[in-house]
Amino acid sequence: MTGSAWLQLVAFLALLTAAAWPLGRWMADVYEGRPGPLGAALGWAERLVYRATGVDPAEEMPWSRYALVVLGVSVVSVVAVYLVQRLQGVLPGNPAALPAVPPLLALSTAVSFATNTNWQAYGGESTMSYLTQALALGVQNFVSAAVGMAVLAALVRGLARRGAATIGNAWADITRSTVYVLLPLSLVLAVILVSQGVVQRWAPYQEVALLEPLRADSTTVTTQVVPLGPAASQVAIKQLGTNGGGFFNANSAHPLENPTPLSNLLETLAILLLPAALCFTFGRMVADERQGWAIYASMTILLVALTVPTIAAEQAGTPALAAAGADQASTAAQAGGNMEGKEVRFGIVASALWATVTTAASNGSVNAMHDSFTPLGGLFPMWLMQLGEVVFGGVGSGLYGMLVFAILAVFLAGLMVGRTPEYLGKKLEAREVKLASLVVLVPAACVLLGTAAGVVLPVAAGSIFNPGPHGLSEVLYAFSSAANNNGSAFGGLGANSDFYNVTLSVAMWLGRFWVMLPVLAIAGALAAKAKVPEGPGTLPTHGPLFVALLTGTVVLVGALTYLPSLALGPIVEHLILHGGH
């Protein structure tokens, strides 16, 4: 890595920490019913929701009822988004007169947005009307993010409470996440993005004259159709809610979604802002802020450890392009390296940083095409997803996934010293450890079984346009993205097929709810336990030793699970590319 790359990485992490710490502390107050000044400004909206739904926010729920609310909201979301897509052709807000979305694609998209995955096997400007994007997909960007934040709040209460039968009110947690956190932050970011040139219009697509005519075969092209739409509002929540779905097909590489270096920096920060802030929310809610800093440190170590080689791999370029003299970028600051699939206005470092940030978080938006990265440059973002989307991860889901790894890390430490493991004063018994194991094993099974089917079954073979190890990498990336609710892709795979629309929908659903439901069961079990006093054999969970143990557990599980498949895909492709060296 160059000195400039290190400077960008350090500055990014410094800005992230400076913004996340106060935000996280304030969000803890929100979940405890103290939204502060925003309560005076937006409390009417919260109360309006309760009156309209007949909810008493003070009525607490056991984990089973909390889970039913979460699951019910998501099922209704899938049905609503599916119907809007299927009726798109007869609904208003469709200036391009786009037809109804095909059934299986509509199903895949509905499941995708309800699970906070935002996997897209379509081009937004050529498939979805303004109304579909704003009403169906846009609303789900808020709802799916709020559901993940609510489940995290429930788990943290389970860790903090003693002898309790309840873990909070799901309706209140979802409402407060939306009203006091997601909506205000999205409004501020959307206004800033509009100032940078991100489009926010309901006007029909515009035909504009090209600066220079283009020759296409024997035809001279002098105009271009420019798609418009309410993009800024969608971009803001897609980043802040770690949703990632692009308003346009090129996602955040599109100049109307991400036009300037400043918009790129703000959107990159927005992806990690809430996942990072929730670490400090956790520390404040369990009355020990050191716990939040320990989790934050582990996440940051893993992010840096995989970002550095990604940037280095892209800056190193490829031997074939170097031999042809085709790897030189247009400016000295970007000279050398692999610029294929990247926007010149961002360059290698900002593109590679985005790639690891978006796959570390459960975001999936892109400002460069990951399929065009070098084999190792694509491997590390893929592995970030395969670690379980716990390196910051999605809003709420990343932290509750990391807390599950913390439970497993403490369990392993307990085995080594012959003691019953404890975490935050709660004894961890067979029930909690089995549920934590489910959280880790189910997404991994979805990834590996789905990939095996994708490369073996004849019905799936037609979607692989790149034979050999890169084709395997594309299929492995797709299922890693779906089962871990990320949504990014190696775009060379033909994912809009019956096979992928169905199998990826199943992977997305299982990857969301076969993780979320065990987490809520863990929350209920922990809330009912009494707090155990610390003893001489208690492992401190706020110091460097625990940070190292937690980080090592995440890496070890990820390596044991995925190294064989990675060896057959990006690793062997790298060796072939470099002639076996």
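It should be noted that the structure appears before, not after, this text.
Since the model is a prediction, treat every value here as computed from it, not as a measurement.

1. Overview of the overall build of the chain
- The helix and strand tally for the chain stands at 19 helices and four strands.
- Radius of gyration (C-alpha) of the chain: 23 Å, near the 25 Å computed for a compact globule of 581 residues.
- Across its three principal axes, the chain shows a C-alpha extent of roughly 80 × 60 × 45 Å.
- Sorting the 581 residues of the chain into buried and exposed places 58% on the buried side.
- A separation threshold of at least 6 residues defines the contact pool for the chain, and within that pool the share at least 24 residues apart is 79%.

2. Considerations on the nonpolar core
- Among the nonpolar cores identified, the biggest contains 158 residues, and F282, I295 and Y423 are the most heavily contacted of them.
- Among the elements that take part in this core, helix α6 (residues 130-160) stands out by supplying 16 residues, more than any other.
- Ignoring anything within four residues of it in the chain, the contact list for F282 reads V156, L159, Q291, G292, I295, L399, L403, Y423 and L424.

3. Side note on the pattern of salt bridges
- For the coordinates displayed, the defined rule picks out 16 salt bridges.
- The salt bridge partner of E289 is R25, with a shortest N-O separation of 2.4 Å. Taken as a pair, E289 in helix α10 (residues 289-316) and R25 in helix α1 (residues 3-31) lie far apart in primary sequence, 264 residues in all.
- Here E422 and K427 are joined by a salt bridge, their closest N and O atoms 3.5 Å apart.
- Its relative accessible area of 29% is what places K427 among the partly exposed residues.
- Connected through salt bridges with shared partners, the residues R25, D29, E32, R34, R284 and E289 form a single ionic network.

4. Quick notes on the side chain of S463
- Residue position: S463 is located in the loop between α16 (458-461) and α17 (469-483).
- Leave out the neighbours within four places in its chain, and S463 touches G492, L493, G494, S497 and Y500.

Criteria and thresholds
In this numbering scheme, every chain counts its residues from 1 along its sequence in written order. Confidence filtering applies because this is a predicted model: local features only for residues at pLDDT of at least 70, side-chain atom pairs given and counted only at 80 or more, and all residues used for totals across whole chains, interfaces and linings. In computing side-chain values, all of the structure's heavy atoms are included and hydrogens and water are not. Secondary structure is summarised from DSSP: a helix means a run of H or I of at least four residues, a strand means a run of E of at least two, and numbering begins at the N terminus for each. In this setup the radius of gyration rests on C-alpha atoms only. A globule is expected at 2.2 Å times the number of residues raised to 0.38. For every residue, the accessible area (1.4 Å probe, protein chains only) is compared with the maximum for its type, and the residue is labelled buried under 20%, exposed over 50%, or partly exposed between those bounds. In what follows, a contact means two residues having at least one pair of non-hydrogen atoms within 4.5 Å. Definition of nonpolar core: a set of buried residues of the types Ala, Val, Leu, Ile, Met, Phe, Trp, Tyr and Cys, connected through side-chain atoms within 4.5 Å. The salt bridge criterion pairs a side-chain nitrogen of Lys or Arg with a carboxyl oxygen of Asp or Glu, the two atoms within 4 Å.

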